[in-house]
Amino acid sequence: MEKITLDVAKKLIEGAENEAKQLGVAMVISIVDEGGNLIATHRMDDAWLASIEIAVNKAWTSVALKMSTENLASATVPQAELYGLNTTNNGRLVVFGGGIPLVKAGKVIGAVGVSGSTVPHDIQVAQAAVEVFTGLKSLV
């Protein structure tokens, strides 16, 4: 299985940061491997301190559940099927958008997590990293 290296993580972060700059927002961008282990976190100047942990946890959630965190939003409201999910795993699960898995040959091999603005902006910036990832010919 291919693995995400620090060099790859830097490229993904660069793509995400460029998108954040176009939006005019300061973000925190995190990349984790297939085990949810942190590879890199980048905090843009003036990004919220609280966004550091949120970005890492969005990426972790995305790998742990093999899905985008935005898919959890409607399933975790009161009376919904997964209500209370965010209280599991020591509160580490994030149930709103900004975490997206990185998939290679049908396998989740990592994820990106972004925090620092509105949920739609977080998703847009995370998606920019995914687009860079998709465009890579190899991970080495």
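Calculation notes
Residues numbered from 1 in each chain as written. Predicted model: local features only at pLDDT ≥ 70, side-chain atom pairs only at ≥ 80, totals over all residues. Heavy atoms only, no water. Core = buried A, V, L, I, M, F, W, Y, C linked by side-chain atoms within 4.5 Å. Buried < 20%, exposed > 50% of the residue type's maximum accessible area, 1.4 Å probe, protein only. Helix = DSSP H or I, 4+ residues; strand = E, 2+ residues; numbered from the N terminus. Contact = heavy atoms within 4.5 Å. Pairing = 2+ DSSP bridges. Expected span 1.5 Å × (residues − 1).

1. Quick look at the nonpolar core
So, step 1. If you look at the biggest cluster of nonpolar residues, it comprises 25 residues, and the most contacted ones within it are M27, I31, V112 and F133.
So, step 2. Of all elements in the fold, only helix 1 (6–23), strand 1 (28–33), strand 3 (99–104), strand 4 (107–115) and helix 3 (119–135) reach the threshold of two or more residues within this core.
So, step 3. Among the elements that take part in this core, helix 1 stands out by supplying six residues, more than any other.
So, step 4. Not counting residues up to four positions away in its chain, the partners in contact with M27 are A20, H42, R43, M44, A47, V114, S115, G116, S117, H121, D122 and V125.

2. Quick notes on the pairing of strand 2 (residues 38–43)
So, step 1. Two elements, strand 1 and strand 2, share five bridges in a ladder whose sense is antiparallel. Looking at the pairing, V28 lines up with R43 of strand 2.
So, step 2. Connecting strand 1 to the next strand, strand 2, in antiparallel fashion are four residues, including G36 with a positive phi near 80°.

3. Regarding the environment of M27
So, step 1. Structurally, the position occupied by M27 is in the loop between helix 1 and strand 1.
So, step 2. Along the sequence, M27 and D122 sit 95 residues apart, while their C-alpha atoms lie 8.0 Å from each other.

4. Considerations on the environment of K107
So, step 1. Locating K107 in the fold gives a position in strand 4.
So, step 2. A relative accessible area of 51% means that K107 is categorised as exposed.
So, step 3. In the structure, K107 is positioned 73 residues away from E34 in sequence and 9.1 Å away in space, judged by C-alpha atoms.

5. A word on helix 3
So, step 1. Between the first and last C-alpha of helix 3 there are 24 Å, a value that for 17 residues agrees with the 24 Å anticipated at 1.5 Å per step.
So, step 2. Turning to helix 3, its buried residues number three or more, namely D122, I123, V125, A126, A128, A129, V130 and F133.
So, step 3. If you follow the buried residues of helix 3, they end up packed against helix 1, helix 2 (50–65), strand 3 and strand 4.

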